[in-house]
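The lines below spell out each chain.
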Amino acid sequence: MPPVLPYPVFIDSHVIGGFGRGSSDLGIPTANIPPSDFLASGIPKGQTGIYFGFAKISGTYGTLVRHALPEDDASKPPSTEIVQTEKPILPADGIVLPMVMSVGWNPFYGNSEPSAEVHIVHKFADQFYGADIKLAVLGYIRAEKNFESVEALIEEIMNDIRKAKEYLAEDGFKQIESSEFFK
Ligand code: ADP
Ligand code: RBF
Ligand code: MG
């Protein structure tokens, strides 16, 4: 099955700080990008929900320094600063990897600002805040939902990852891996 229009949608962006919950609450880190890069991508009306596709990271590993959380409003992300290292993102640099992406308000957490975040199916040696991230969004999996528990949310994300891997192994999707965009 080939990607159905408007896909593939290509996004050239960079990794920014988010709420810092993906790794700590869920054990599923997500590289956040500026939501405006998603909105400008050509996906109809910036539709929220869960997507799948490929991602390529390049640059050096970088960490995030979080400044104090605003005590009065936990629904807003803390102010942050990226500290770049000189360590190249090896061995993943330049390799096209499977990804799942969540766009919206995270109803489970009730965020007051939209986020666009990408979980890459790969074990990285370190964090890569500030790195360049290229995305080929190839399809829509489902709408965002609320859940009864963190465990239920994690289970659904695992299911999304399973589906993404399944779709991406099909010829029509697999060929995007070697597209000019990722060169
Ligand atoms: P934040 O809320 O700041 O995005 P997360 O807990 O979601 O924090 O962690 C995301 C960070 O973890 C990413 O910015 C990236 O640097 C790192 N990371 C490590 N492995 C992965 C991965 N497989 N997919 C996405 N990000 C990863
Ligand atoms: N958050 C939700 O509130 N509802 C969802 O249905 C939901 N689905 C997600 C699916 C995937 C593949 C990923 C990576 C994240 C999803 N999230 C969802 C976002 C999750 O709450 C978020 O990654 C953490 O809050 C960390 O920012
Ligand atoms: Mg994140």
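Here the residue numbering is sequential within each chain, running from 1 through the sequence in written order. The lettering of chains begins at A and the numbering of ligands begins at 1, in the order of writing. Local features in a predicted model are, by the rule used here, given only for residues with pLDDT of at least 70; side-chain atom pairs are given and counted only at 80 or more, and totals for whole chains, interfaces and linings are based on all residues. Values shown for side chains rest on all heavy atoms present in the structure; no hydrogens or waters enter the calculation.

By the naming in an unreviewed UniProt entry, the chain is Riboflavin kinase-domain-containing protein, taken from Lipomyces orientalis.

(A) Here's a closer look at the site of ligand 2. Nearness is defined per residue: one heavy atom within 4 Å of the molecule or strand is enough. N106, F108, E117, R142 and K145 are the nearest of the 19 residues found near ligand 2. Polar contacts, as used here, are pairs of N or O atoms within 3.5 Å; protein pairs need one atom able to donate a hydrogen and one able to accept it. Residues neighboring in sequence count only if both atoms are side-chain atoms. The backbone of F108 places a nitrogen or oxygen atom 2.8 Å from an oxygen atom of ligand 2. Separating an oxygen atom of ligand 2 from a side-chain N or O atom of E117 is a distance of 2.7 Å. Per-residue and other accessible areas were derived by the Shrake-Rupley procedure at a 1.4 Å probe size, with only the shown protein chains allowed to occlude residues. Within the complex, 99% of the 540 Å² of free accessible area of ligand 2 lies under protein. Secondary-structure elements contributing two or more residues to the shell around ligand 2 are α1 (22-26), β6 (96-104) and α3 (150-168). Helix and strand definitions follow DSSP, with helices as H or I runs of at least four residues and strands as E runs of at least two, each counted in order from the N terminus.

(B) Spotlight on the coordination of the magnesium ion (ligand 3). Excluding water, the donors of a metal are its N, O and S neighbours within 2.8 Å, or within 3.2 Å for Na, K and Ca, and that exclusion means sites may look incomplete. Each protein donor to the magnesium ion (ligand 3) is listed here as T30 (O), T30 (OG1) and N32 (OD1); together their distances run 2.2 to 2.3 Å. On the accessibility criterion, N32 (9% relative accessible area) is buried. For the exposure calls, accessible area comes from a 1.4 Å probe over protein chains only, and a residue counts as buried if that area is under 20% of its type's maximum, exposed if over 50%, partly exposed in between.

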